[in-house]
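Per-entry structural report
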Amino acid sequence: MFDTFRSDTRAIEGLPVRLVVALVVGVASMSVMLNMLSGVQGLATSELDVKPSPDVVGPGAQDLDFTVVDHKGNPVEGATVIVKSGTADVETVEAEKTGGDGAVSINVDVDLGANREDGTLVVDVKPPAGSSFVDRRENTNILVVRGK
């Protein structure tokens, strides 16, 4: 029985090699196409940035101004700016939406611990709902300095 297989010249001996080559080429092509699609999606989103003013403050109650901009520096309407405790403390987490000019003013009451000379407030931004904006990178923190 095995002798008939060895002597059979009609066998498709190269078929497995051809299948492997076709499979490798197909996987490589699919990988390139999927990479192109994910690249298009990456280009469709825009990173938001928050510009605080002032970015160095002292302890106590005060108004902080923020401007939310896209990667081109254009103001973004409807983004929510969130100010919360970092190494400096705020009594409550404050959040406000930006207006048409991308600006918002938030009143915070900042406190430093008894043995701290400085600290930071963390600023986050939530992009407007249904937009192509994202906030993946860390935003500028506000430095709180005693005696400022």
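Conventions adopted
Residues numbered from 1 in each chain as written. Predicted model: local features only at pLDDT ≥ 70, side-chain atom pairs only at ≥ 80, totals over all residues. Heavy atoms only, no water. Helix = DSSP H or I, 4+ residues; strand = E, 2+ residues; numbered from the N terminus. Buried < 20%, exposed > 50% of the residue type's maximum accessible area, 1.4 Å probe, protein only. Pairing = 2+ DSSP bridges. Patch = residues over 30% accessible without salt bridge, like charges linked within 9 Å, V, L, I, M, F, W, Y side chains within 5 Å. Areas by Shrake-Rupley, 256 points an atom, 1.4 Å probe, with all protein chains shown as cover. Salt bridge = Lys/Arg side-chain N within 4 Å of Asp/Glu carboxyl O. Contact = heavy atoms within 4.5 Å. Polar contact = N/O pair within 3.5 Å; in protein donor to acceptor, adjacent residues only side chain to side chain. Lys, Arg positive; Asp, Glu negative; His and termini not counted. Charge placed at Lys NZ, Arg CZ, Asp CG, Glu CD.

Per an unreviewed UniProt entry, the chain carries the name Carboxypeptidase regulatory-like domain-containing protein and comes from Haloferax mediterranei.

For the rest of this paragraph, the subject is the overall build of the chain. In terms of helices and strands, the chain carries 2 helices and 11 strands. Reading the chain from its N terminus to its C terminus gives the helix and strand order α-α-β-β-β-β-β-β-β-β-β-β-β. Per-residue burial for the chain yields a buried fraction of 26% across its 148 residues.

All right, on to the sheet that holds strand β8 (residues 103–111) then. Paired through their backbone hydrogen bonds, the strands of a sheet run either parallel or antiparallel. Spatially, the 4 strands line up as an open sheet ordered β2-β4-β8-β6, and their pairing is antiparallel. Both edges of this open sheet fall to β2 (49–53) and β6 (89–90), since each of them pairs with a single strand only. When β2 meets strand β4 (residues 60–69), the two strands line up antiparallel, connected through 5 bridges. Counterpart to Asp 49 in the pairing with β4 is Val 69.

Before going further, it helps to examine a nonpolar patch on the surface. Together, Met 30, Met 33, Leu 34 and Leu 37 line one region of the surface with nonpolar side chains, adding up to about 420 Å² of accessible area. Position of Met 33 relative to the elements: it lies in helix α2 (residues 15–44).

Applying the stated criterion across every chain, the model contains 2 salt bridges. When the shortest N-O distance is used, the salt bridge between Glu 47 and Arg 137 registers 3.9 Å. Placement of the pair is Glu 47 in strand β1 (residues 46–47) and Arg 137 in the loop between β10 (133–134) and β11 (142–145), with a sequence separation of 90 residues. Here Lys 84 ties to Asp 124 by a salt bridge, and the two come within 2.9 Å at their closest N and O atoms. Within this pair, whereas Lys 84 is found in strand β5 (residues 80–85), its partner Asp 124 is found in strand β9 (residues 118–126), the two being separated by 40 residues in sequence.

With that settled, consider the environment of Pro 54. With respect to the helices, strands and loops of the structure, Pro 54 is situated in the loop between β2 and β3 (56–57). Owing to a relative accessible area of 38%, Pro 54 belongs among the partly exposed residues under this scheme. With 10 residues separating them along the chain, Pro 54 and Leu 64 place their C-alpha atoms 6.7 Å apart. The contact partners of Pro 54, leaving out residues within four places of it in the chain, are Leu 64 and Ile 142.

We now examine the environment of Asn 107. Position of Asn 107 among the secondary structure elements: in strand β8. When the C-alpha positions of Asn 107 and Val 83 are compared, they lie 9.6 Å apart, and in sequence the two are 24 residues distant. Non-local contacts of Asn 107, meaning those with residues more than four positions away in its chain, are made with Gln 62, Asp 63 and Glu 94. A distance of 2.9 Å separates a polar atom in the side chain of Asn 107 from a polar atom in the side chain of Asp 63.

This paragraph deals with a negative patch on the surface. On the surface, Asp 89, Glu 91, Asp 109 and Asp 111 cluster together to form a negatively charged patch. Within the element layout of this structure, Asp 89 appears in strand β6. Using a relative accessible area of 39% as the deciding quantity, one classes Asp 89 as partly exposed.

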